[in-house]
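Now for the letters of each chain:
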Amino acid sequence: MANASGLFTPSVPHFRVRVRPIGFSARVVCFGNIEGAEKHASTLSPSQSPLPRLVSKGCKLVGCGSAVPALQISNDDLSKMVETNDEWISVRTGIRKRRVLSGRDSLTTLAVEAAGKALEMAKVDPDDLDLILMCTSTPEDLFGSAPQIQKQLGCKTNPLSYDITAACSGFVLGLISAACHIRGGGFNNVLVIGADALSRYVDWTDRGTCILFGDAAGAVLVQSCNSEEDGLFGFDIHSDGSGQRHLNAVLKEKESNNALDSNGSVLGFPPKQSSYSCIQMNGKEVFRFAVRCVPQSIESALEKAGLPASSIDWLLLHQANQRIIDAVATRLELPSERVISNLANYGNTSAASIPLALDEAVRGGKVKAGQTIATAGFGAGLTWGSAIVRWG
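Residues numbered from 1 in each chain as written. Predicted model: local features only at pLDDT ≥ 70, side-chain atom pairs only at ≥ 80, totals over all residues. Heavy atoms only, no water.

- The name given to the chain in an unreviewed UniProt entry is beta-ketoacyl-[acyl-carrier-protein] synthase III, and the organism recorded there is Flemingia macrophylla.
- Under the Pathway (unreviewed entry) heading, UniProt states for the chain: "Lipid metabolism; fatty acid biosynthesis." (UniProt positions renumbered as here; feature names shortened; annotations may be inferred.)

Have a look at this one:
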(Lines give C-alpha, C1' and ligand atoms only; values in the text may rest on other atoms or scores of the structure.)
Protein backbone atom coordinates (compact mmCIF):
# COMPACT_ATOMS: atom_id res chain seq x y z
CA MET A 1 0.00 0.00 0.00
CA ALA A 2 1.06 3.64 0.11
CA ASN A 3 1.90 6.15 2.78
CA ALA A 4 1.05 9.85 2.76
CA SER A 5 4.41 10.86 1.36
CA GLY A 6 3.67 9.03 -1.87
CA LEU A 7 5.81 5.95 -1.32
CA PHE A 8 4.32 2.63 -2.35
CA THR A 9 5.24 -0.42 -0.36
CA PRO A 10 4.12 -3.88 -1.44
CA SER A 11 1.16 -5.50 0.30
CA VAL A 12 1.40 -9.25 0.75
CA PRO A 13 -1.80 -11.31 1.23
CA HIS A 14 -2.09 -13.79 4.10
CA PHE A 15 -2.02 -17.48 3.22
CA ARG A 16 -2.46 -20.62 5.26
CA VAL A 17 0.78 -22.05 3.91
CA ARG A 18 4.34 -20.79 4.24
CA VAL A 19 5.33 -18.85 1.21
CA ARG A 20 8.88 -18.11 0.17
CA PRO A 21 9.39 -14.34 -0.50
CA ILE A 22 9.35 -13.48 -4.15
CA GLY A 23 11.57 -10.77 -5.55
CA PHE A 24 10.09 -7.75 -7.28
CA SER A 25 10.79 -6.69 -10.82
CA ALA A 26 13.65 -4.26 -11.31
CA ARG A 27 11.38 -1.87 -13.17
CA VAL A 28 8.72 -0.69 -10.79
CA VAL A 29 7.52 2.75 -9.76
CA CYS A 30 8.66 4.73 -6.74
CA PHE A 31 6.30 7.47 -5.59
CA GLY A 32 8.05 8.80 -2.56
CA ASN A 33 11.30 10.07 -1.17
CA ILE A 34 13.96 7.52 -0.28
CA GLU A 35 16.34 8.84 2.33
CA GLY A 36 19.82 9.33 0.98
CA ALA A 37 18.80 8.88 -2.66
CA GLU A 38 20.66 11.00 -5.14
CA LYS A 39 18.98 14.04 -6.66
CA HIS A 40 17.04 13.44 -9.84
CA ALA A 41 18.44 14.88 -13.02
CA SER A 42 15.97 17.27 -14.61
CA THR A 43 16.29 15.53 -17.97
CA LEU A 44 15.24 12.09 -16.74
CA SER A 45 11.92 10.60 -17.73
CA PRO A 46 9.98 8.49 -15.19
CA SER A 47 11.23 5.28 -16.77
CA GLN A 48 14.85 6.51 -16.40
CA SER A 49 14.57 7.56 -12.76
CA PRO A 50 17.64 6.51 -10.72
CA LEU A 51 15.44 5.68 -7.72
CA PRO A 52 14.59 2.03 -7.12
CA ARG A 53 11.03 1.15 -8.06
CA LEU A 54 9.10 -0.75 -5.42
CA VAL A 55 6.12 -2.27 -7.19
CA SER A 56 5.87 -4.80 -10.00
CA LYS A 57 2.53 -3.58 -11.33
CA GLY A 58 1.55 -0.23 -12.76
CA CYS A 59 -1.73 1.54 -13.43
CA LYS A 60 -2.99 3.85 -16.13
CA LEU A 61 -5.97 6.09 -16.87
CA VAL A 62 -7.80 4.63 -19.85
CA GLY A 63 -11.32 6.10 -19.90
CA CYS A 64 -13.26 9.11 -18.68
CA GLY A 65 -16.82 10.40 -18.65
CA SER A 66 -18.94 13.15 -17.13
CA ALA A 67 -22.53 14.26 -16.63
CA VAL A 68 -24.23 17.48 -15.50
CA PRO A 69 -27.83 18.41 -14.63
CA ALA A 70 -30.03 20.02 -17.25
CA LEU A 71 -30.85 23.12 -15.21
CA GLN A 72 -28.41 25.98 -15.84
CA ILE A 73 -28.26 28.97 -13.50
CA SER A 74 -26.48 32.09 -14.77
CA ASN A 75 -25.01 34.95 -12.78
CA ASP A 76 -27.89 37.08 -14.00
CA ASP A 77 -30.32 34.55 -12.53
CA LEU A 78 -28.58 34.84 -9.16
CA SER A 79 -28.72 38.63 -9.32
CA LYS A 80 -32.50 38.31 -9.03
CA MET A 81 -32.10 36.44 -5.72
CA VAL A 82 -29.22 38.23 -3.98
CA GLU A 83 -27.47 41.58 -4.32
CA THR A 84 -24.90 40.77 -7.00
CA ASN A 85 -24.31 40.96 -10.76
CA ASP A 86 -22.48 39.10 -13.50
CA GLU A 87 -19.41 41.37 -13.43
CA TRP A 88 -19.02 41.18 -9.65
CA ILE A 89 -19.10 37.37 -9.72
CA SER A 90 -17.00 36.78 -12.82
CA VAL A 91 -14.23 39.20 -11.85
CA ARG A 92 -13.84 37.67 -8.39
CA THR A 93 -14.29 34.00 -9.27
CA GLY A 94 -14.21 33.44 -13.02
CA ILE A 95 -17.66 31.79 -12.82
CA ARG A 96 -20.47 32.77 -15.19
CA LYS A 97 -22.92 29.89 -14.82
CA ARG A 98 -23.42 26.58 -13.04
CA ARG A 99 -25.62 23.46 -13.26
CA VAL A 100 -27.97 22.52 -10.41
CA LEU A 101 -29.97 19.38 -9.65
CA SER A 102 -33.71 19.90 -9.88
CA GLY A 103 -36.98 17.99 -10.12
CA ARG A 104 -36.34 14.28 -10.36
CA ASP A 105 -32.59 14.61 -10.95
CA SER A 106 -30.39 12.61 -8.61
CA LEU A 107 -26.67 12.60 -7.96
CA THR A 108 -26.59 8.82 -8.28
CA THR A 109 -28.08 9.02 -11.77
CA LEU A 110 -25.43 11.57 -12.80
CA ALA A 111 -22.68 9.34 -11.38
CA VAL A 112 -23.99 6.31 -13.27
CA GLU A 113 -24.11 8.30 -16.52
CA ALA A 114 -20.54 9.53 -16.09
CA ALA A 115 -19.37 6.03 -15.14
CA GLY A 116 -21.03 4.49 -18.19
CA LYS A 117 -19.24 6.92 -20.51
CA ALA A 118 -15.88 6.15 -18.88
CA LEU A 119 -16.43 2.41 -19.25
CA GLU A 120 -17.46 2.86 -22.90
CA MET A 121 -14.32 4.86 -23.68
CA ALA A 122 -12.14 2.30 -21.90
CA LYS A 123 -13.99 -0.60 -23.61
CA VAL A 124 -14.51 -2.28 -20.25
CA ASP A 125 -17.66 -4.20 -19.38
CA PRO A 126 -19.28 -3.42 -15.98
CA ASP A 127 -18.83 -7.10 -15.05
CA ASP A 128 -15.06 -6.67 -15.39
CA LEU A 129 -14.91 -4.04 -12.64
CA ASP A 130 -13.08 -5.04 -9.47
CA LEU A 131 -13.86 -1.93 -7.45
CA ILE A 132 -15.98 1.23 -7.56
CA LEU A 133 -14.89 4.29 -5.56
CA MET A 134 -17.51 7.03 -5.17
CA CYS A 135 -15.77 10.24 -4.10
CA THR A 136 -18.48 12.48 -2.65
CA SER A 137 -19.38 14.57 0.37
CA THR A 138 -23.07 14.64 -0.56
CA PRO A 139 -24.25 11.01 -0.80
CA GLU A 140 -27.94 10.33 -1.21
CA ASP A 141 -27.76 7.70 1.51
CA LEU A 142 -26.11 8.25 4.89
CA PHE A 143 -24.35 4.91 4.45
CA GLY A 144 -22.96 5.69 1.02
CA SER A 145 -24.02 5.84 -2.62
CA ALA A 146 -21.41 3.58 -4.25
CA PRO A 147 -23.35 0.29 -3.95
CA GLN A 148 -26.32 1.89 -5.74
CA ILE A 149 -24.01 2.89 -8.58
CA GLN A 150 -22.78 -0.71 -8.78
CA LYS A 151 -26.39 -1.87 -8.95
CA GLN A 152 -27.45 0.62 -11.62
CA LEU A 153 -24.41 -0.17 -13.77
CA GLY A 154 -25.63 -3.78 -13.77
CA CYS A 155 -22.48 -5.32 -12.30
CA LYS A 156 -23.43 -8.98 -11.85
CA THR A 157 -20.13 -9.85 -10.14
CA ASN A 158 -20.90 -7.62 -7.11
CA PRO A 159 -17.57 -5.76 -6.99
CA LEU A 160 -16.72 -3.93 -3.78
CA SER A 161 -18.11 -0.38 -3.88
CA TYR A 162 -17.62 2.29 -1.24
CA ASP A 163 -17.60 6.06 -0.73
CA ILE A 164 -14.63 8.32 -0.07
CA THR A 165 -15.40 11.58 1.73
CA ALA A 166 -12.74 14.25 1.30
CA ALA A 167 -14.66 17.18 -0.18
CA CYS A 168 -12.90 18.86 -3.10
CA SER A 169 -9.80 16.68 -2.64
CA GLY A 170 -11.88 13.52 -3.00
CA PHE A 171 -11.17 12.66 -6.61
CA VAL A 172 -7.38 12.92 -6.24
CA LEU A 173 -7.52 10.70 -3.16
CA GLY A 174 -9.72 8.31 -5.14
CA LEU A 175 -7.08 8.06 -7.88
CA ILE A 176 -4.39 7.30 -5.33
CA SER A 177 -6.62 4.76 -3.58
CA ALA A 178 -7.26 3.06 -6.92
CA ALA A 179 -3.52 2.78 -7.51
CA CYS A 180 -3.07 1.26 -4.05
CA HIS A 181 -5.73 -1.37 -4.72
CA ILE A 182 -4.19 -2.23 -8.07
CA ARG A 183 -0.61 -2.41 -6.81
CA GLY A 184 -1.26 -3.95 -3.42
CA GLY A 185 -4.48 -5.84 -3.98
CA GLY A 186 -4.08 -7.23 -7.47
CA PHE A 187 -7.16 -5.45 -8.84
CA ASN A 188 -7.34 -4.83 -12.58
CA ASN A 189 -10.15 -2.35 -13.23
CA VAL A 190 -11.06 0.35 -10.70
CA LEU A 191 -13.74 2.93 -11.44
CA VAL A 192 -13.15 6.26 -9.69
CA ILE A 193 -16.12 8.63 -9.62
CA GLY A 194 -16.18 12.20 -8.34
CA ALA A 195 -19.72 13.48 -7.82
CA ASP A 196 -21.25 16.16 -5.63
CA ALA A 197 -24.46 18.13 -5.23
CA LEU A 198 -23.37 20.99 -3.01
CA SER A 199 -26.37 23.03 -4.17
CA ARG A 200 -28.33 21.08 -1.55
CA TYR A 201 -26.18 22.61 1.19
CA VAL A 202 -25.95 26.18 -0.08
CA ASP A 203 -27.65 29.13 1.59
CA TRP A 204 -29.13 30.75 -1.52
CA THR A 205 -29.48 34.05 0.35
CA ASP A 206 -25.73 34.25 1.04
CA ARG A 207 -24.00 35.88 -1.93
CA GLY A 208 -20.60 34.88 -0.58
CA THR A 209 -21.26 31.17 -1.17
CA CYS A 210 -24.30 30.76 -3.44
CA ILE A 211 -22.37 32.17 -6.42
CA LEU A 212 -19.70 29.48 -6.20
CA PHE A 213 -21.18 26.02 -6.32
CA GLY A 214 -22.71 23.71 -8.91
CA ASP A 215 -23.52 20.02 -9.27
CA ALA A 216 -21.87 17.43 -11.53
CA ALA A 217 -20.29 13.99 -11.82
CA GLY A 218 -17.13 12.76 -13.50
CA ALA A 219 -15.46 9.37 -13.70
CA VAL A 220 -12.17 7.77 -14.70
CA LEU A 221 -11.36 4.10 -15.27
CA VAL A 222 -7.97 3.17 -13.76
CA GLN A 223 -6.57 -0.07 -15.16
CA SER A 224 -3.64 -2.28 -14.23
CA CYS A 225 -0.66 -2.49 -16.56
CA ASN A 226 2.95 -3.55 -16.49
CA SER A 227 5.44 -1.23 -14.85
CA GLU A 228 6.76 -0.02 -18.20
CA GLU A 229 3.38 1.59 -18.96
CA ASP A 230 2.76 3.02 -15.49
CA GLY A 231 0.87 6.31 -15.55
CA LEU A 232 0.93 7.50 -11.94
CA PHE A 233 4.36 8.97 -11.38
CA GLY A 234 4.10 10.64 -7.97
CA PHE A 235 1.69 12.05 -5.43
CA ASP A 236 1.51 14.15 -2.28
CA ILE A 237 -1.44 14.21 0.17
CA HIS A 238 -2.20 16.10 3.40
CA SER A 239 -4.86 17.27 5.83
CA ASP A 240 -5.05 19.90 8.57
CA GLY A 241 -8.04 19.70 10.88
CA SER A 242 -7.23 23.06 12.45
CA GLY A 243 -8.46 24.68 9.24
CA GLN A 244 -11.98 23.28 9.58
CA ARG A 245 -13.17 26.60 10.95
CA HIS A 246 -12.58 28.20 7.55
CA LEU A 247 -14.76 25.79 5.53
CA ASN A 248 -17.39 23.46 6.92
CA ALA A 249 -20.98 22.24 6.98
CA VAL A 250 -21.36 20.98 10.52
CA LEU A 251 -23.99 18.78 12.15
CA LYS A 252 -26.69 20.77 13.92
CA GLU A 253 -29.41 19.55 16.25
CA LYS A 254 -32.99 20.27 15.31
CA GLU A 255 -35.38 21.76 17.81
CA SER A 256 -37.58 18.90 19.00
CA ASN A 257 -41.11 18.66 20.33
CA ASN A 258 -40.63 15.02 21.23
CA ALA A 259 -42.71 14.24 24.33
CA LEU A 260 -39.91 12.00 25.57
CA ASP A 261 -37.64 15.05 25.97
CA SER A 262 -39.43 16.11 29.12
CA ASN A 263 -39.93 12.78 30.86
CA GLY A 264 -36.88 13.36 33.03
CA SER A 265 -35.79 9.73 33.05
CA VAL A 266 -32.39 10.23 31.42
CA LEU A 267 -30.84 13.65 30.89
CA GLY A 268 -30.22 14.35 27.21
CA PHE A 269 -31.96 11.21 25.98
CA PRO A 270 -33.23 10.47 23.41
CA PRO A 271 -30.89 12.50 21.19
CA LYS A 272 -32.39 15.26 19.10
CA GLN A 273 -32.59 14.72 15.36
CA SER A 274 -29.75 16.35 13.45
CA SER A 275 -29.02 17.71 10.00
CA TYR A 276 -26.10 19.42 8.34
CA SER A 277 -25.85 23.19 8.19
CA CYS A 278 -25.40 25.11 4.97
CA ILE A 279 -21.82 25.60 3.80
CA GLN A 280 -19.91 28.12 5.90
CA MET A 281 -16.74 29.55 4.35
CA ASN A 282 -14.12 32.18 5.05
CA GLY A 283 -13.20 32.88 1.45
CA LYS A 284 -10.06 34.89 2.15
CA GLU A 285 -8.55 32.20 4.37
CA VAL A 286 -9.40 29.41 1.92
CA PHE A 287 -7.77 31.42 -0.87
CA ARG A 288 -4.60 31.92 1.18
CA PHE A 289 -4.50 28.23 2.03
CA ALA A 290 -4.90 27.15 -1.59
CA VAL A 291 -2.31 29.46 -3.17
CA ARG A 292 0.22 28.49 -0.49
CA CYS A 293 -0.29 24.72 -0.19
CA VAL A 294 -1.25 23.62 -3.70
CA PRO A 295 1.97 24.70 -5.50
CA GLN A 296 4.02 23.17 -2.68
CA SER A 297 2.15 19.90 -3.04
CA ILE A 298 2.60 19.75 -6.81
CA GLU A 299 6.30 20.55 -6.47
CA SER A 300 6.64 17.77 -3.90
CA ALA A 301 4.84 15.27 -6.15
CA LEU A 302 7.11 16.26 -9.05
CA GLU A 303 10.19 15.77 -6.89
CA LYS A 304 9.02 12.31 -5.84
CA ALA A 305 8.37 11.46 -9.48
CA GLY A 306 11.82 12.68 -10.50
CA LEU A 307 10.32 15.16 -12.95
CA PRO A 308 10.90 18.89 -13.54
CA ALA A 309 7.96 21.28 -13.83
CA SER A 310 8.83 21.69 -17.51
CA SER A 311 7.68 18.09 -18.09
CA ILE A 312 4.05 19.05 -17.33
CA ASP A 313 1.89 19.20 -20.44
CA TRP A 314 -1.25 20.25 -18.57
CA LEU A 315 -2.12 21.73 -15.19
CA LEU A 316 -5.53 20.51 -14.00
CA LEU A 317 -6.62 21.87 -10.63
CA HIS A 318 -9.83 21.57 -8.68
CA GLN A 319 -12.03 24.23 -10.26
CA ALA A 320 -12.70 26.47 -7.26
CA ASN A 321 -11.71 29.98 -8.31
CA GLN A 322 -9.92 31.26 -11.41
CA ARG A 323 -7.68 33.45 -9.28
CA ILE A 324 -6.42 30.37 -7.44
CA ILE A 325 -5.83 28.52 -10.71
CA ASP A 326 -3.91 31.49 -12.15
CA ALA A 327 -1.82 31.96 -8.99
CA VAL A 328 -0.75 28.29 -8.93
CA ALA A 329 0.11 28.36 -12.64
CA THR A 330 2.23 31.47 -12.10
CA ARG A 331 4.07 29.85 -9.19
CA LEU A 332 4.84 26.80 -11.34
CA GLU A 333 5.77 29.05 -14.31
CA LEU A 334 3.19 27.42 -16.56
CA PRO A 335 1.62 29.54 -19.32
CA SER A 336 -2.16 29.88 -19.45
CA GLU A 337 -2.38 27.84 -22.65
CA ARG A 338 -1.24 24.78 -20.66
CA VAL A 339 -3.90 25.22 -17.97
CA ILE A 340 -7.24 23.39 -18.16
CA SER A 341 -10.20 25.37 -16.86
CA ASN A 342 -13.96 25.03 -17.38
CA LEU A 343 -14.87 26.88 -14.19
CA ALA A 344 -16.78 29.57 -16.07
CA ASN A 345 -19.41 27.08 -17.22
CA TYR A 346 -19.86 24.92 -14.12
CA GLY A 347 -18.61 26.69 -10.99
CA ASN A 348 -17.14 24.69 -8.12
CA THR A 349 -18.45 21.12 -8.43
CA SER A 350 -16.30 19.79 -5.57
CA ALA A 351 -15.07 16.21 -6.15
CA ALA A 352 -16.52 16.25 -9.68
CA SER A 353 -14.53 19.23 -10.93
CA ILE A 354 -11.30 17.48 -11.95
CA PRO A 355 -12.81 14.50 -13.82
CA LEU A 356 -15.42 16.81 -15.42
CA ALA A 357 -12.70 19.14 -16.77
CA LEU A 358 -10.52 16.19 -17.79
CA ASP A 359 -13.36 14.56 -19.72
CA GLU A 360 -14.10 17.75 -21.64
CA ALA A 361 -10.41 18.24 -22.43
CA VAL A 362 -9.96 14.65 -23.64
CA ARG A 363 -13.13 14.56 -25.74
CA GLY A 364 -12.35 18.02 -27.11
CA GLY A 365 -8.96 16.82 -28.36
CA LYS A 366 -6.96 19.04 -26.03
CA VAL A 367 -5.45 16.29 -23.85
CA LYS A 368 -3.85 13.51 -25.88
CA ALA A 369 -2.61 10.04 -24.98
CA GLY A 370 0.87 10.06 -23.48
CA GLN A 371 0.69 13.60 -22.11
CA THR A 372 1.59 14.37 -18.50
CA ILE A 373 -0.92 16.09 -16.23
CA ALA A 374 -0.27 17.71 -12.85
CA THR A 375 -3.55 17.60 -10.96
CA ALA A 376 -4.45 18.79 -7.47
CA GLY A 377 -7.51 18.91 -5.24
CA PHE A 378 -7.98 21.09 -2.17
CA GLY A 379 -10.82 22.00 0.13
CA ALA A 380 -12.75 21.27 3.31
CA GLY A 381 -11.09 19.37 6.09
CA LEU A 382 -8.83 21.03 5.31
CA THR A 383 -7.48 18.48 2.84
CA TRP A 384 -5.25 18.80 -0.19
CA GLY A 385 -3.33 16.51 -2.50
CA SER A 386 -1.72 16.31 -5.90
CA ALA A 387 -0.78 13.64 -8.40
CA ILE A 388 1.38 13.56 -11.52
CA VAL A 389 -0.30 11.31 -14.05
CA ARG A 390 -0.12 10.36 -17.69
CA TRP A 391 -3.29 10.17 -19.73
CA GLY A 392 -3.79 6.95 -21.70
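Some thoughts on the sheet that holds strand β8 (residues 232–239)
Inference 1: Here 5 strands make up an open sheet; going across it, the order is β8-β16-β15-β13-β14 and the pairing mixed. This sheet does not close on itself; its edge strands, each paired only once, are β8 and β14 (339–340).
Inference 2: Sheet topology places strand β15 (residues 372–379) next to strand β16 (residues 383–390); 8 bridges connect them, and they run antiparallel. Within β16, the residue paired with Phe378 across the bridge is Trp384.
Inference 3: Strands β8, β15 and β16 of the sheet are contacted by helix α5 (residues 170–185), whose axis makes an angle of about 125 degrees with β8.
Inference 4: The strands touched by helix α7 (residues 283–305) are β8, β13 (314–317), β15 and β16; relative to β16, the strand with the most contacts, the crossing angle is about 40 degrees. (Pairing = 2+ DSSP bridges. Helix = DSSP H or I, 4+ residues; strand = E, 2+ residues; numbered from the N terminus. Contact = heavy atoms within 4.5 Å. Axes fitted to C-alpha atoms, helices over the stretch in contact; angles between N-to-C directions.)

Brief notes about empty space enclosed by the protein
Inference 1: Evaluated as defined, the whole model comprises 2 cavities of 30 Å³ or more.
Inference 2: Its volume calculated, the second largest cavity comes out at about 40 Å³.
Inference 3: As for the second largest cavity, its lining consists of Leu61, Phe171, Leu175, Leu316, Ile354, Leu358, Ile373, Thr375 and Val389.
Inference 4: Residue assignment for the lining of the second largest cavity shows that the elements contributing at least two residues are α5, α10 (353–363) and β15.
Inference 5: Counted by class, the lining of the second largest cavity contains 8 nonpolar, 1 polar and no charged residues. (1 Å grid on protein atoms, 1.4 Å probe; cavity = no way out; pocket = protein on both sides within 12 Å on 5 of 7 lines; lining within 4 Å. Points joined across faces, edges and corners; volume = space filled by probe spheres on them. Nonpolar A, V, L, I, M, F, W, Y, C, P; charged D, E, K, R; others polar.)

A closer look at the pairing of β13
Inference 1: The alternating pattern of β13 places Trp314 and Leu316 and Leu315 and Leu317 on opposite faces, both of which are buried.
Inference 2: By the bridge criterion, 4 bridges tie β13 to β15 in an arrangement that is parallel. Opposite Leu316, over in β15, you have Thr375 as the bridge partner.
Inference 3: Judged from the 2 bridges that link them, β13 and β14 form a sheet pairing that is parallel. In the sheet register, Leu316 faces β14, and the bridge partner there is Ile340. (Buried < 20%, exposed > 50% of the residue type's maximum accessible area, 1.4 Å probe, protein only.)

What about the pairing of strand β6 (residues 189–197)?
Inference 1: Along β6, 9 of the 9 residues are buried, which leaves the element largely enclosed by surrounding structure.
Inference 2: Taken together, the 5 bridges between strand β4 (residues 131–135) and β6 define a ladder with parallel strand orientation. Along β6, the bridge assignment pairs Met134 with Ile193.
Inference 3: With 9 bridges joining them, β6 and strand β7 (residues 215–226) adopt antiparallel strand pairing. From the neighbouring strand, Ala197 faces β7, where its bridge partner is Asp215.

Points about α5
Inference 1: Across its 16 residues, α5 extends 21 Å between first and last C-alpha, which sits within 8% of the 22 Å expected from 1.5 Å per residue.
Inference 2: Most of α5 sits inside the fold, with 13 of its 16 residues counted as buried. (Expected span 1.5 Å × (residues − 1).)

Some remarks on the packing of aromatic side chains
Each aromatic ring pair is characterised by the separation of its centres together with the angle its planes make.
Inference 1: This model, assessed by the stated rule, comprises 1 aromatic pair.
Inference 2: On the numbers, 5.4 Å between centres and 75 degrees between planes, the contact of Phe289 with Trp384 is edge-to-face. In this pair, Phe289 is assigned in helix α7 and Trp384 in strand β16, connecting sequence segments 95 residues apart. Exposure class is identical for Phe289 and Trp384. Each is buried.
Inference 3: Over the face of the ring belonging to Trp88 we find Arg207, whose NZ or CZ atom lies 4.2 Å from the ring centre. (Phe/Tyr/Trp six-rings, centres within 6.5 Å; stacked < 30°, edge-to-face > 60°. Lys NZ or Arg CZ within 6 Å of the ring centre and 35° of its normal.)

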